[in-house]
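# An overview of the molecular structure
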Amino acid sequence: MAWRFLLAILLGGVCYLDRTAACQLMLHRPLVVATLMGAVFGNMAAGAQVGIVLELIYLARLPVGASIPPDDTGAAVFGGSAAAVASSSIGLDAGSFTALLLLSVLVAEAGKAADRFVRKVNVRIARLTAESVDRGDVQAVEHGLLAGLTLFAVTGMVLTLAFSGAGVAVSAELLPRFGPASRGNFAILLPALPLLGAASVYSCSRTERTAAVFFLTMAAVFGGTLLFRWSA
Amino acid sequence: MTTPALATRSRSAVWRRQFLLQGCWNYEGMQNVGFAYAILPALRDFYANRPEEALKAVKRHLEFFNTQPAMGALILGASVRLEERVAAGEADPRAIGTFKVGLMGSLGAIGDSFFWGALRPMASVAGALLALLHPLLGIAAMLLVYNGVHLTLRRRGFAAGMEGPEGVVGWLKRAALNVRTDDGKLLAAILAGAYAGVFAGRFFVQGGNTLHALASLLLAAAAVHLFAVLFRKAVSPSEILSFLLFVGVLILWR
């Protein structure tokens, strides 16, 4: 298990760097991160299932100005690792799947708090950089940026360790305490989650025609799915 | 005054360093350290034998700066060109600050709307839908859709900026990002509709008769509408998820 955590930490560090500090190539998106974590902890498909739902849920919160959206990368680390471990122990039934998705909100908020902390520490780094430049050390700019990057990367690695550890613990210790029937009751909430994701996109893509095209497409695809099922 | 030209190596370094614009993002100067870091190779060229002026130039770029990171490439390119003019004595150093402050807000708004409001949702839904077929297909589609546009705009924006502040205006006009934003949002809405339709079909259809199916569709559409209304009223996805988690715990308790 130790090498899995080591690999998760390395991958998590890269994904967290992509989230804010470097590149923004979307390597930090839940679909990517949850799939990666699923693969690391033994079941890529289970991780991807979590990623598919988590990918859209937080899109409504835009990283505009100084506002920090919930840490959906952390939610994906937790959800992906937990889903992979659950699938190989109690089985990833609908109830467990729902529980993991809902529990990931706690992780997303914890990650957001950590993000806020990093940016506050960066204030100190930026001030020290400015002071060094005032003293004539131009290279301090490069050192300051390296310090900021290192802080983002280390925090990402620590968060990945904490969240993947929490995911493994929840799947190995918490979920088995509830019987299949209890977990099954939880599944009643599952349909709300992808719809919440769709609503998230719907609300951040608002134009005059958004409502019409969204609901027409929804009805058409729903009808198509039905016809496909009935004819099969 | 003759100014050393910007070496190709330095131009490439500035281009590469723009990807670390947010490397030291902080609440006070926001992207200030990242911007100064990115433009540093150009400043070293322009003020090669004038350390005092180089220092002043670096300080100029440690002032508050914040914009959408991809749109930062455009401002960075134009700032390099302006610095070249300042170093040659053709422009007032204060013009750079005025230029950056004048542009970062509006470009930030345009960029936020395009990248976070249209392109990212579009790429995300496309990825999520294709991931239903195979996870790697979904990831590849998402990364290609997003980065195809993202990296092209960064490259073209930087090149336009390097033509000088005049090039920025022309490029913004040609890029027509407002039109692309509307198109992207519409496409994202279509894909999100398909996503909602797929999942509504998966979860709600159990009976098999038409009336039940219609009721399921209406229920799903009402749920989406309710969530969207909550978002408009500034309720966050975390709050909705927390509420659902609370309901789940109550179900378990019962």
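Quick look at the structure, then. (Residues numbered from 1 in each chain as written. Chains lettered and ligands numbered in written order. Predicted model: local features only at pLDDT ≥ 70, side-chain atom pairs only at ≥ 80, totals over all residues.)

## Points about the overall build of chain A
Regarding its fold elements, chain A presents nine helices and zero strands. Counted from the first residue to the last, chain A has its helices and strands arranged as α-α-α-α-α-α-α-α-α. On the principal axes, the C-alpha backbone points of chain A span a range of 75 × 50 × 25 Å. Residues classed as buried in chain A amount to 59% of the 232 residues present. Long-range contacts, defined as pairs at least 24 residues apart, comprise 76% of the intrachain contacts of chain A with a sequence gap of at least 6. (Helix = DSSP H or I, 4+ residues; strand = E, 2+ residues; numbered from the N terminus. Buried ≥ 20, exposed ≤ 12 C-beta atoms within 10 Å, placed from the backbone. Contact = placed C-beta atoms within 7 Å.)

## Overview of the overall build of chain B
Summing up its helical and strand segments, chain B has ten helices and zero strands in all. Reading the secondary structure of chain B in the N-to-C direction produces α-α-α-α-α-α-α-α-α-α. Its C-alpha atoms give chain B a radius of gyration of 24 Å, more than 25% over the compact-globule value 18 Å for 254 residues. The C-alpha extent of chain B, read off along each of the three principal axes, is 85 × 40 × 30 Å. Sorting the 254 residues of chain B into buried and exposed places 52% on the buried side. Nonlocal contacts in chain B, meaning residues at least 24 apart in sequence, comprise 67% of its contacts between residues at least 6 apart. (Rg over C-alpha atoms; globule rule 2.2 N^0.38 Å.)

## Some details on the packing of helix α5 (residues 94–131) of chain B against helix α6 (residues 135–162) of chain B
Residues and elements named next belong to chain B. Axis separation between α5 and α6 bottoms out at 7 Å; the angle between their running directions is 160°. Relative to α6, the element α5 lies roughly antiparallel. Crossing hand, α5 versus α6: right-handed. Judged by residue contacts, Leu119, Arg120, Met122, Ala123, Ser124, Ala126, Gly127, Ala128, Leu130 and Ala131 of α5 engage Pro135, Leu137, Gly138, Ile139, Ala141, Met142, Val145, Tyr146 and Val149 from α6. Its residues placed into classes, the contact of α5 with α6 shows 15 nonpolar, three polar and one charged. (Axes fitted to C-alpha atoms, helices over the stretch in contact; angles between N-to-C directions. Parallel < 35°, antiparallel > 145°, perpendicular 65-115°, else oblique. Left-handed = near helix turned anticlockwise from the far one by under 90°. Nonpolar A, V, L, I, M, F, W, Y, C, P; charged D, E, K, R; others polar.)

## Overview of the environment of Val221 of chain A
Within the element layout of this structure, Val221 of chain A appears in helix α9 (residues 210–231). On the neighbour-count criterion, Val221 of chain A (21 C-beta atoms within 10 Å) is buried. When the C-alpha positions of Val221 of chain A and Ala108 of chain A are compared, they lie 31 Å apart, and in sequence the two are 113 residues distant. Contacts of Val221 of chain A, omitting those with residues within four sequence positions, involve Gly193, Ala194, Gly197 and Val198 of chain B.

## Topic: the interface of chain B and chain A
Contact with chain B, which involves 84 residues of that partner, is made by 88 residues of chain A. Put simply, the parts of the chain that give the side of chain B that touches chain A at least two residues each are α2 (32–46), α3 (51–60), α5, α6, α8 (177–204), α9 (210–232) and α10 (237–253) of chain B. Looking at the side of chain B that touches chain A, the element that brings in the most residues is α8 of chain B, giving 18 residues. For the side of chain B that touches chain A, a count of residues per class yields 58 nonpolar, 19 polar and seven charged.

## Re the environment of Ala94 of chain A
Residues and elements named next belong to chain A. Positionally, Ala94 belongs in helix α5 (residues 94–134). Measuring from C-alpha to C-alpha, the distance between Ala94 and Val138 comes to 57 Å, with 44 residues separating the pair along the chain. Contact partners of Ala94, with chain neighbours within four places excluded, come to Ala187 and Leu190.

Function cannot be inferred from these measures alone, as they are strictly geometric.
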